[in-house]
Amino acid sequence: MNGIIVINKQRDFTSFDVVAVARGILREKKIGHSGTLDPMATGVLPVLVGKAAKAQSLLPDTDKRYEADFRLGITTDTLDIWGTVQSTQECHFTEADIEAVLPRFRGEIMQVPPMYSAIQKDGVRLYDLARQGIEVERQARPVCIDTLELISFDEETQSGRLVISCSKGTYIRVICDDIGKALGCGCVMTALCRTKACGFTLADAVTLKELEALKNDGREAEVLRRTDSIFTCFPSAYISEKQAKRFMNGGSLDLDRLRSVKDRKDLMLYRVYGGDEFLGLGEVNAEKNELCVKKLFFE
């Protein structure tokens with residue numbers, strides 16, 4: 001079995017838990033995932049099965065979409081509701097108050113990673129330092145917030161929900177915390193669901209229980225997507241039978257002999273097909289005017 005199965009991850013499962021369970025259900029040793037979701041988060045987690053697992057280090061930097069619940073008037077050490085409470089205060093903010101501060105967190109912004117994160121400092125994970133009560137200086141990093149919208153807010157509970165589309169490496173907890181700082185009251189994230197990743201949405205996803213049921217009925221192939229579906233952001237290059245044989249043996253191809261590439265040599269990666277079969281990714285070597293093998297996926 002080779003391809004991609006989009007899992008709707010349940011809460012309290014790590015991404016590695018999902019891979020382990022999927023490995024048992026599918027009886028497939030080679031399984032990876034497309035991007036870590038924290039244990040308390042739910043939602044879209046593409047699982048790479050068989051030869052598709054080789055795509056893990058090559059996944060394009062596609063935007064992700066989330067729905068995040070938050071509550072004003074609280075701060076914690078982890079910036080979410082599951083951490084140790086550091087402060088509380090009574091709040092009486094309105095929807096308009098929150099809308100007024102959101103624009104400052106849209107677009108290209110600088111974000112300071114939280115201490116409870118997997119980022120390393122001198123070879124040590126920040127969350128390991130945080131658990132020892134050690135806080136170190138973190139350098140702000142650029143992230144892009146394409147969408148940041150308030151879709152609901154309850155003035156009685158001072159709780160609401162945000163829709164966020166953002167670049168890779170964005171911490172949603174930090175956005176919630178920054179909103180709290182801007183309002184002067186504190187804010188924590190109380191739930192997080194990833195609704196889109198790698199071009200897949202919740203509509204494409206199945207739960208692990210659903211996958212198990214499909215496997216028991218011999219229907220797991222119904223939710224197995226082609227490996228190339230995760231690379232649709234790259235253009236395609238269709239090559240001849242002779243060229244395909246050379247490419248599959250690791251040989252590079254003359255760009256001038258590739259009709260689908262001639263006018264697009266400035267692009268670096270291509271999905272390469274021999275007929276209808278996805279062979280792998282090709283990388284442009286402009287200096288040699290060649291399309292070289294980046295990774296092969298053919299069966």
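The rules behind the values
- Residues numbered from 1 in each chain as written.
- Predicted model: local features only at pLDDT ≥ 70, side-chain atom pairs only at ≥ 80, totals over all residues.
- Heavy atoms only, no water.
- Helix = DSSP H or I, 4+ residues; strand = E, 2+ residues; numbered from the N terminus.
- Buried < 20%, exposed > 50% of the residue type's maximum accessible area, 1.4 Å probe, protein only.
- Areas by Shrake-Rupley, 256 points an atom, 1.4 Å probe, with all protein chains shown as cover.
- Phe/Tyr/Trp six-rings, centres within 6.5 Å; stacked < 30°, edge-to-face > 60°.

A. Looking closely at the overall build of the chain. Scanning the chain from terminus to terminus reveals six helices and 18 strands. Projected onto the principal axes, the alpha-carbon positions of the chain cover approximately 70 × 50 × 40 Å. Burial statistics for the chain: of 299 residues in total, 48% are counted as buried. As presented, the chain carries roughly 15400 Å² of accessible surface, and 45% of it is formed by carbon and sulfur atoms.

B. Main features of the packing of aromatic side chains. The tally for this structure, following the rule as stated, stands at seven aromatic pairs. Residues F231 and F297 carry aromatic rings whose centres are separated by 5.9 Å and whose planes lie at 50° to one another, so their mutual orientation is tilted. Of the two residues, F231 sits in the loop between α5 (208-216) and β14 (236-239) while F297 sits in the segment after β18 (290-296), which places them 66 residues apart along the sequence. Note on accessibility: F231 and F297 belong to one class, buried. Pairing Y238 with Y273 gives two aromatic rings, centres 5.1 Å apart and planes at 20°, and the pair type is stacked. Of the two residues, Y238 sits in strand β14 while Y273 sits in strand β16 (residues 269-274), which places them 35 residues apart along the sequence.

Geometric descriptors of this kind do not, in isolation, establish any biological role.
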